[in-house]
Amino acid sequence: MIGCGHVGLVTAACFAAAGHQVVCTDIDAGRIAMLTAGGVPIYEPHLGAVLRFARKARRISFTTNPAEAVRAGEAIFICVGTPPKENGKVDLAAIDHVARQIAQEARSPKLVIEKSTVPTPAGAEFRRSLFAYANSRANYFRVASNPEFMREGTAVSDFFHPDRIVVGVEEQSAATDLRTIYSPILERRFTCPVHAANCPSGREVEFVVTDIKEAELIKHASDSFLALKISYANVLADICEKIGADVERVTRAMGLDPRIGTQFLKAGLGFGGFCFPNDVHALIELSASVGIDFAILKAAERVNKERIDRCIDKVRKALWVLKDKRVAVLGLAFKADTDDVRFSPALAVIGHLLEEGAQVRASDPEGMPRTKAQFPQVSYHTDPSEALRDADAAIICTDWDIFKNLDWRRAGKRMARKLVIDGRNLNSHEMMQDLGFEYYSFGRGTSATRPPVEQAVETPTVVQEASEALEIAKAT
């Protein structure tokens with residue numbers, strides 16, 4: 001496994017747990033040192049347990065020497081980064097570098113599988129580099145594409161119980177070998193104690209064989225379609241705000257049609273992370289390169305970028321002036337159950353707030369260490385209640401359970417002003433209104449402020465006053 005990022009490490013750990021012998025390498029020596037020592041450099045539910053199982057079975061090892069990994073493997077999975085350049089095009093330098101490494105270090109025939117997300121025709125160019133730099137004409141390389149469809153936060157479950165496994169090949173023998181590699185998953189014949197307890201069962205997995213170009217396109221097309229659904233829901237939210245409708249009731253009724261489904265029809269701050277923004281842009285670029293104007297995807301991309309502006313507009317409308325206002329940002333990761341903050345809407349929100357002079361306080365269960373490097377001037381708090389202390393406003397940016405279950409009655413007593421901009425529509429207008437909050441969400445109208453329910457009682461009793469005093473004391 002070349003590359004121990006999110007995709008590479010999950011893939012390596014799960015393959016090892018399923019019975020394969022896996023050797024992992026990465027250019028980040030610190031990451032390899034942590035893994036060798038038994039640590040886990042990324043947050044992904046159940047990944048630590050799967051790694052422990054694989055280590056105990058002695059089926060996974062880590063090295064900083066790529067030659068060692070290349071020579072050990074019969075099949076080599078490429079899981080290196082393919083970030084966007086400044087012009088938006090995909091940077092394939094790491095893929096090219098790995099191709100040259102494999103070509104020069106291999107001492108026997110290899111099946112080389114691109115698992116990194118790359119645009120067509122990267123597979124053909126990758127194969128050309130392998131043979132161009134081969135140290136011996138006796139070496140033979142078969143190239144395949146095996147796009148990943150693991151969602152951060154549920155990656156272990158997605159690997160062990162996928163909807164489908166897609167392989168793009170040039171030779172039938174490569175498809176046969178990949179089916180063998182995935183046979184523990186396809187046939188459910190392994191005993192990892194983690195997957196059985198935390199993953200769905202009974203779902204048949206389709207093994208889809210295509211050519212390499214089609215496999216590469218399937219990945220971009222799948223992610224782009226899901227991104228399109230999110231942007232569609234967000235435009236509906238804008239309409240709902242104008243006419244006084246509730247977007248969640250609209251999308252729920254839409255989703256009851258099995259041809260549509262409710263997944264990804266969620267209005268709010270829009271999509272982030274590494275996959276969706278990059279895959280949408282890559283498909284737009286690919287389309288343009290062959291003379292096709294993918295206008296629908298361009299609109300989806302534009303709508304997603306506008307979400308941040310709409311959020312900041314709501315903050316400005318409520319606070320009037322942002323300079324020197326204390327704003328709590330709840331959530332930094334682009335989604336719950338991950339520490340990944342790449343292209344996170346929350347970070348874009350923070351950038352705008354800081355530009356206008358706001359004092360930002362942030363809280364996230366896993367995303368704070370990665371955010372500190374980008375925004376050292378932000379105040380970070382493990383406890384969201386501390387981020388909310390004396391805040392003039394709170395912005396919910398990530399749908400973590402800790403924010404879904406937040407005690408807003410208590411939180412409101414800590415805030416300087418009971419104002420919430422809910423970028424993930426986690427709360428109900430009725431509840432927040434009853435608690436005396438100014439509450440703004442996406443596509444569900446705006447609640448006016450009214451006195452909290454407890455203030456509607458004519459004369460508080462001594463017991464009530466003592467109870468409230470005790471609650472405040474606990475909070476502080």
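Residues numbered from 1 in each chain as written. Predicted model: local features only at pLDDT ≥ 70, side-chain atom pairs only at ≥ 80, totals over all residues. Heavy atoms only, no water.

Re the nonpolar core
Condition: Put simply, a nonpolar core is a bunch of buried Ala, Val, Leu, Ile, Met, Phe, Trp, Tyr and Cys residues held in one set by side-chain atoms that sit within 4.5 Å of each other. Here's how the labels work: a residue is buried when its accessible area is under 20% of the maximum for its type, exposed when over 50%, partly exposed in between, all with a 1.4 Å probe on protein chains only. Put simply, DSSP marks the helices as runs of H or I at least four residues long and the strands as runs of E at least two long, and each gets a number from the N terminus on. By the convention used here, residues are in contact when the closest approach between their heavy atoms is within 4.5 Å.
In terms of nonpolar packing, the biggest core is built from 43 residues, with I60, F77 and L178 touching the most fellow members. For this core, the leading source of residues is helix α1 (residues 6-17), giving eight residues. If we ignore the near neighbours within four places in the chain, the residues touching L178 are F77, L111, I113, A144, V167, V169 and F207. Membership of the second largest hydrophobic core comes to 31 residues, among which are I350, L353, I421 and Y440.

A closer look at the packing of aromatic side chains
In this description, a pair of aromatic rings is defined by centroid distance and the angle of the planes. To keep things clear, this is the line we draw: Stacked, tilted and edge-to-face are the three classes applied to pairs of Phe, Tyr and Trp rings, where Trp contributes its six-membered ring and a pair requires centres within 6.5 Å; stacked means planes under 30 degrees apart, edge-to-face means over 60, and tilted covers the rest. Counting as a charge over the ring demands two things of the Lys NZ or Arg CZ atom: a distance within 6 Å of the ring centre and an angle within 35 degrees of the ring normal.
Within the structure shown, the criterion is met by twelve aromatic pairs. Note on F274 and F343: the rings are 6.5 Å apart at their centroids and 40 degrees apart in plane angle, and the pair reads as tilted. Taken together, the residues F274 in the loop between α12 (247-255) and α13 (275-289) and F343 in the loop between β8 (326-330) and α15 (345-355) connect sequence positions 69 residues apart. When its relative accessible area of 18% is taken as the criterion, F274 is described as buried. Members of the aromatic cluster, joined through ring pairs, are F15, F77, F159, F160 and Y182. Across from the ring centre of Y133, 5.9 Å away, lies the NZ or CZ of R100, which sits over that ring. Positioned above the aromatic ring of F149 is the side chain of R164, whose terminal nitrogen or guanidinium carbon lies 3.8 Å from the ring centre.

A short note on the sheet that holds strand β3 (residues 75-78)
So the rule is basically this: At least two DSSP bridges between two strands are required for those strands to pair. In this description, a line fitted to the C-alpha atoms serves as the axis of each element, helices being fitted only across the stretch in contact, and the angle between N-to-C directions of two axes falls anywhere from 0 to 180 degrees.
Taken together, five strands build an open sheet; the order of strands is β3-β4-β5-β6-β7 and the sheet is mixed. Lying at the two open borders of the sheet, with one neighbouring strand each, are β3 and β7 (206-210). Mean inter-strand twist for the sheet, computed between neighbouring axes without regard to direction, equals 25 degrees. Of the pairings in the sheet, the one linking strand β4 (residues 110-114) to strand β5 (residues 141-145) comprises five bridges and is parallel in character. Note that in β5 the partner of L111 across the bridge is R142. Along the sheet, helix α6 (residues 122-132) makes contact with β3, β4 and β5, crossing β5 at roughly 160 degrees. Here helix α11 (residues 212-243) sits on the sheet in contact with β4, β5, β6 (164-169) and β7, set at roughly 140 degrees to β6.

Some words on α6
Going by this rule: The reported arc concerns the directions from the helix axis to the C-beta atoms and nothing else.
A122, G123, F126, S129 and L130 are the residues of α6 that are buried. Down the axis, α6 shows its buried residues gathered within 120 degrees of arc, on one side only. Of the residues in α6, the exposed ones pointing more than 90 degrees away from the buried face are R128 and A132. Along its buried surface, α6 packs onto β3, α5 (93-105), β4, β5 and α11.

Considerations on unusual backbone geometry
For W320, which is not a glycine, the phi torsion comes out positive at approximately 70 degrees. The phi dihedral of D390 falls on the positive side, at around 60 degrees, and the residue is not glycine.

So, the state of the cysteines
Working definition: the covalent bond between the sulfur atoms of two cysteines is a disulfide. Filter applied, for reference: To count as a disulfide, a pair of cysteine sulfur atoms needs to be within 2.5 Å.
Overall, the coordinates contain zero disulfides when judged by the stated rule. Of the cysteine sulfurs around C311, a residue in no disulfide, the closest is that of C397, at 5.8 Å.

Here we look at α15
At 3.6 residues per turn, the α-helix brings residues three or four places apart onto the same side. Taken together, the buried positions of α15 are occupied by P345, A346, L347, V349, I350, G351 and L353. Residues of α15 that are buried make contact with α14 (295-319), β8, β9 (359-363), α16 (368-372) and β11 (393-396).

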